[in-house]
Each structure stands twice: as structure tokens, then as C-alpha cells.
There are 2 protein chains.
Amino acid sequence: MLAQERRNRLLELIRARSFAALPELADVLGVSESTIRRDVEQLEDQGAARRIHGGVLYAGASPKIPHFDASQSARWKEKKAIAQRSAPLVEDGETVILDGGSTTYEVARLLVGRSLHVVTNSLPVANLFAADASSDLVLIGGNICPRTGNTQGPLADKMLASLRVQKTILSVAGIKEEGFFNNNLLLVQTEQAMMRAADEVIVVADSSKFGRQSLAHLCALGAVDYLVSDSGMDQAWQAKVRAAGMHLVLAEPVVEGT
Amino acid sequence: MLAQERRNRLLELIRARSFAALPELADVLGVSESTIRRDVEQLEDQGAARRIHGGVLYAGASPKIPHFDASQSARWKEKKAIAQRSAPLVEDGETVILDGGSTTYEVARLLVGRSLHVVTNSLPVANLFAADASSDLVLIGGNICPRTGNTQGPLADKMLASLRVQKTILSVAGIKEEGFFNNNLLLVQTEQAMMRAADEVIVVADSSKFGRQSLAHLCALGAVDYLVSDSGMDQAWQAKVRAAGMHLVLAEPVVEGT
DNA sequence: CAGTATTTGATTAAAAACAGTCATAATCAT
DNA sequence: ATGATTATGACTGTTTTTAATCAAATACTG
């Protein structure tokens, strides 16, 4: 199929240059700018590229952070909007635990440059903060899950038991009336340790997560203080979340970032 | 001086994000877009940033392996040759601790794809193995040193105390008759914990390290089992090393068609 | 082969970013 | 202090990019 082949070449071009302007790409590939624009849009949905005014950035985020988690792709705009509402929940000078996951990764990106103490079990998140002089970074040790790039397991739990933070920001894979779920038993245990270490727990989850079951039960709805989602969230679920005593923050995934 | 300070923060922001839009930068720094535009122009003249329509790209270093340690470049051929002699010292199926540092990083690159259990305190090394399906990866937690990307401190030491491995591969900053030295006290403590966890200790150090003092004493010469260096090593030092009971491996930094 | 679906490229108005200019404010040296 | 120098922020018209629309071309299906 020609179109797919072109998209592969396109991504290759973008990766090689790390940034490319749309007119240039249209020229090299011999198609119209409109087509490039559509292709790029698709690549962005897959999380492979990042669209900016005037061109495209390679977002496979350098060969360094390889496609950790294929779901990076889906609901990118919602996740970005959620991140923008979540970041202000953390205040300068605070200590915060950042879980792995594509939504928390977006939050992390917005926190770079702030004056914070960051604790994380996520390799991609750690890479964001490692070179940032304005924040301290503590890495949670343990076994790395190759698929997600997160540490987990008993070593991680043990280290978390000796920490104390103001806020924990968690990702989840599903939310039902019974509570929050994730798809990895070891990870859930580590996340529970993160919750125990924090005064306040913030969960970030786009609206597709509601009503979705997953393997391992993380905690009851009431155990979370803040829930940040997007406006596509069901009315009934909004009521349930509020009834469970959570502060609900809804992001509007309309506009792209500032 | 306010202006210069702002430019530093500006570059820091750009580096952390790798791309930033002008309006965003103006907002964060609390100055007008015109000023940002002028600052960025200056940064571009210095080669620190790259201007594109709609924003700025960070141009410093390779986006691939971010500026961890400027000495990355120095003695590159020697380090690579040392790595090539060191990698075979580890056998498939073994558990090995990899220290941070540019030489051990080269060793790590050669170990990717091997069937190993890898334990490391180095973020760059962890990134190498994170996506590698053929090896297990355990990350040592703790505080990240922003300059080197290594974890260190009491949390790291504690985690290492509960581990047991066949081999530890260490970097050092200096070697004197009194033993091995590194330039960071916390790191040295963590490295001592690494040594305690291992049956055999391998030190990789290019020949410029001999006779060089550094801040913190790591261990005596006799505490190390293998020393891998390059053929530029002084004859007298070769004798001393052998007298201390170490296995000495000398790499030939051959000039190849790289 | 006809009909439908998808992909493509041109065209448009609207939005964003650009370079340049100028007056004001801050800083510095005398 | 004072005058000169520089840094800053607002404003302008111009250029570029964008999103959206639509008709033509291409590929699929029964």
C-alpha cells in the first residue's frame, strides 16, 4: 500500500532530522502539503511525532525513550489537556511522586523546570528531570518492566516505605464502582506503596477509562483525593466520582497547548 | 545581571523541553515576546538553540545521549577499546552490576542483547537495557546526580545491601598507590556497596587515570579482581597493579576505519 | 463494470508568527 | 546627578501556517 509506505518514509525523514518543516516534507515526498498534514496528524495520534507550528518534531522522543507503551498513541489530546489541569495542583517546593504512564508522562513534561522534589518509578519521566537543575530527582529502584519502563516489585515497595511526600500522581487502566484498576499486579502493589507515602493522591485518567475493568484492583474510589479527567466523561460517572468524595477536575481537550 | 540570568533560565527551559513555543517562554519568564525573540536570537548565534517557525529547538549536544558528562568525548578510542576487552569478562546468564561513567557506558553498549541480569545505578545505562527483551534490568534507586545521571545516597546503598551479584564493573576517576578514587563522596559509598554485593570486582579505567588523585577514597588496590585499561599505561604502573594481585587486561586502542 | 469509499490536491478565510520601528525604562560611566 | 547606552515592550504591516471545504482521482467491492 502506497500510503502506508509513504508514512513510514515520512517518519524516517522526521526521525533523521528530528525536526522537519511541512513544505520540505511535501517537496521530498512529492505530495501535496495537505497530504503531509494529514499523515502527520496520524503519526501524532500514534505518538510517533509531535506537531508544532511550522513543522513536525520526532517524538519517538529520540531513540532513547522507545515506544514505551503502545497506548501512548490514543487520546493524546485528552491526555495533554488533563496534564495541563493537573500540573497546577502541584506547588513549587513540594515533594511529589510521579507514577509511570502516558498521562503522567505528559504531566511530568509540564513540571520540568519547576522547583520541585520529584520521586518517580518511571524511566521516561526520570529522563525528563535528570538534566533539570531546578528540581531534585529521586529514582525508585526495582525491576524494570520492559514494556512500560517502570520499576516495580518488592525492592520498589521497600524503598517507597521509607519515603514521605505531599502528593502522588497516579495513572490507572480502568475505573469501576469498586475502585481503580491497573493491568499489572506488581505495579499495583508499588502504586499502593506510593499512595501510602503521600498526604494526597491524584489520579489522572482520560474519560475512556471509566467503566473499564482491568486485572488488578488498586484501591477504592474513596482512597483518592483528586481525579483529573476530560470533559468527555459521562455525567453519571461524574456524579459517582463526586459522591465518593473526590475533587473532580475536568479538562477541555479542545485547544492544543499554549 | 538580570538579562544573563534570564537567558540561562531560558536555555534551561528549552533544554528540558527540547522544544518550546515563544509565547510559552514569554509567559513563564514573565517578559514580552519581543525580549524572548531577541534572547533566542542570541542563543542561536551561540549555537545553543535552533530557531524554527513557532518556537525554539534545543541544539546543544545530541538529543540522543544528553550531555551526561562533557568528558564523553575525551579518550573515546581508549574507552571503546577497553569496553571491547571488558565485555567478554561477563558471561551469559550472570548477574552484573554496572556503575555509571563513560567507560562503563561503552561496556554496557556491548552487553545489550546478551542474556544477562543487569543491575545499574546509571540512568543512561538503564536506557540502553530498558527496551532490551533479552536481559533483565534492575534499577538502583536513590538520588539522581544531575551531572552524571547516576543514583547515589543512602537509599541506593540500602537497596544494594539486599542484592547479590557475580560481577561489578566500576569506573574510577583516579588511581594511586593507596587505591582507587572517585570525585564524589556519596557515589563512592554507593560503589562500595556495589563491591560488597559482588563476588568479583572489575574496574575499567583508561591509562590517564593512573597517578591521578581524586576526592574520595574508594578502596585499596587489592580489593579489585580485574583491571581493564589501555596499552598507554605506564610500565611501572603495570607492575604495581600486578603486584597488588589484580588481573590486568590491556586493550589496544587500534585506529580503525570508524 | 458500475457504484461506493477513500485518498488526494487545490483553494480559501482565519489565525499565528514574523521582522522592523519606536518610545520608554533601566543601567552604566562619568 | 547627568547624559549615554542598552534593554525592553508595545505596535505595525507583512508573511507564513493553519484548518476546513470541495471536487477530482484513485482504489476497492459486489
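All residue numbers refer to position in the chain's written sequence, counted from 1. To read the labels, note that chains go from A and ligands from 1, taken in the order they are written. The predicted nature of this model means local features are confined to residues of pLDDT at least 70 and side-chain atom pairs, given and counted, to a pLDDT of 80 or more, with totals for whole chains, interfaces and linings taken over all residues. Hydrogens and water are ignored here; the side-chain numbers use all heavy atoms of the structure.

Peer 1: An account of the pairing of strand E14 (residues 226-230) of chain B is needed here, citing residue identities and associated values.
Peer 2: Two faces belong to every sheet, and in a regular strand the side chains alternate between them. Residue and element names in this part refer to chain B. Throughout, exposure labels follow a simple rule: accessible area from a 1.4 Å probe, protein chains only, divided by the maximum for the residue type, with under 20% read as buried, over 50% as exposed, and the rest as partly exposed. By definition, any uninterrupted DSSP run of H or I lasting at least four residues is a helix, any uninterrupted run of E lasting at least two residues is a strand, and each is numbered from the N terminus. For E14, the tally of buried residues reaches 4 of 5 residues, placing the bulk of the element in the interior. A pair of strands is treated as paired once DSSP finds two or more bridges between them. In terms of strand pairing, strand E12 (residues 198-204) meets E14 through 3 bridges, oriented parallel. Across the sheet, the residue bridging to Ile202 is Tyr226, located in E14. Orient the strands so they point away from the viewer; a crossover is then right-handed if the path from the first strand over the helix to the second runs clockwise. Running through helix H9 (residues 235-243), the crossover from E14 to the neighbouring parallel element strand E15 (residues 247-251) is right-handed.

Peer 1: Describe the nonpolar core, listing the residues and the values that go with them.
Peer 2: Buried Ala, Val, Leu, Ile, Met, Phe, Trp, Tyr and Cys residues form a nonpolar core when they are joined through side-chain atoms within 4.5 Å. Of all hydrophobic cores here, the largest spans 70 residues; its most connected members are Phe180 and Val203 of chain A together with Phe180 and Val203 of chain B. Residues Leu89, Val107, Ala108 and Leu116 of chain B belong to the second largest nonpolar core, which totals 57 residues.

Peer 1: Help me get a handle on the protein's contact with DNA strand D, residues and values and all.
Peer 2: Here, proximity means that at least one heavy atom of the residue falls within 4 Å of the molecule or strand. Surveying the vicinity of DNA strand D reveals 14 residues, the closest of which are Arg37 and Arg51 of chain A together with Arg6, Thr35 and Arg38 of chain B. Restricting the count to atoms of DNA strand D within 4 Å of the protein gives a sugar and phosphate share of 65%. Identification of polar contacts relies on pairs of N or O atoms within 3.5 Å, with a donor-acceptor requirement for protein atoms, meaning one able to donate a hydrogen and the other able to accept it, and with residues adjacent in sequence counted only if both atoms are side-chain atoms. Within the backbone of Ser32 of chain B, a nitrogen or oxygen atom sits 3.0 Å from a phosphate oxygen of DNA strand D. Between a base nitrogen of DNA strand D and a side-chain N or O atom of Arg38 of chain B, the distance comes to 2.8 Å. Among the elements of the structure, strand E2 (49-52) of chain A together with helix H1 (2-17) and helix H3 (33-45) of chain B are those that each provide at least two residues to the surface near DNA strand D. A per-element tally of the surface near DNA strand D places H3 of chain B first, with 3 residues.

Peer 1: Help me get a handle on the packing of aromatic side chains, residues and values and all.
Peer 2: Residues and elements named next belong to chain A. A pair of aromatic rings is counted whenever rings of Phe, Tyr or Trp (Trp by its six-membered ring) have centres within 6.5 Å, and the orientation is called stacked for planes under 30 degrees apart, edge-to-face for over 60 and tilted otherwise. This model, assessed by the stated rule, comprises 2 aromatic pairs over all chains. With 5.5 Å between their ring centres and 45° between their planes, Phe210 and Trp237 make a pair best called tilted. In this pair, Phe210 is assigned in the loop between strand E12 (198-204) and strand E13 (216-219) and Trp237 in helix H9 (residues 235-243), connecting sequence segments 27 residues apart. Each of the two residues, Phe210 as well as Trp237, counts as buried.

Peer 1: Tell me about the interface of chain A and chain B, residues and numbers included.
Peer 2: Should any heavy atoms of two residues lie within 4.5 Å, those residues are considered in contact. Chain A puts 36 residues into the contact, and the matching count from chain B is 37 residues. Two parts lose some accessible area (1.4 Å probe) when they are put together, and adding that loss for both gives the buried area. When chain A packs against chain B, close to 3,200 Å² is buried across both sides, 66% of that on carbon and sulfur atoms. Broken down by secondary-structure element, the contributors of at least two residues to the side of chain A that touches chain B are E2, helix H6 (123-130), strand E6 (136-139), strand E7 (142-145) and helix H7 (154-161) of chain A. No other element matches H6 of chain A, which puts 4 residues into the side of chain A that touches chain B. Here the residues of the side of chain A that touches chain B sort into 21 nonpolar, 10 polar and 5 charged. Of the strand pairs in this sheet, E7 of chain A and strand E6 (residues 136-139) of chain B are connected by 2 bridges, and their pairing is antiparallel. What sits directly across from Gly142 of chain A, in E6 of chain B, is Leu139 of chain B. The nonpolar class holds Ala, Val, Leu, Ile, Met, Phe, Trp, Tyr, Cys and Pro. Asp, Glu, Lys and Arg form the charged class, and all remaining residues, Gly among them, are polar.

Peer 1: Describe the protein's contact with DNA strand C, with residues and values.
Peer 2: If you check the shell around DNA strand C, you find 15 residues, and the closest are Arg6, Thr35 and Arg38 of chain A together with Arg37 and Arg51 of chain B. Within the side chain of Thr35 of chain A, one N or O atom sits 2.4 Å away from a phosphate oxygen of DNA strand C. Contact distances for DNA strand C include 2.8 Å between a base nitrogen and a side-chain N or O atom of Arg38 of chain A. Looking at which element gives the most residues to the surface near DNA strand C, the answer is helix H3 (residues 33-45) of chain A, with 3 residues. Taken together, the residues of the surface near DNA strand C sort by class into 5 nonpolar, 6 polar and 4 charged.

Peer 1: Residue-level account of the confidence of the model for chain A, with values.
Peer 2: Taken as a whole, chain A shows an average pLDDT of 85; of its residues, 87% reach a score of 70 or greater. What pLDDT expresses is the predictor's confidence in each residue, scored from 0 to 100. Low pLDDT, under 50, characterises residues 61-73 of chain A; the stretch is placed with 26 contacts to residues that sit more than four places away or in other chains.

Peer 1: Pulling in residues and values, what's your account of the sheet that holds E13 of chain A?
Peer 2: Residue and element names in this part refer to chain A. Strands sit in the order E10-E11-E13 across an open sheet of 3 strands; the sheet is antiparallel. On the outer flanks of this sheet lie strand E10 (174-176) and E13, each paired with one strand and no other. Here the average twist between neighbouring strands, direction ignored, is 35°. As judged from the 3 bridges shared by E10 and strand E11 (residues 179-182), these two strands associate in the antiparallel manner. Residue Ile175 lies in a different strand from E11, and its bridge partner there is Phe180. Note on definitions: angles span 0 to 180 degrees between N-to-C directions of axes, and those axes are lines fitted to C-alpha atoms, for helices only across the stretch in contact.

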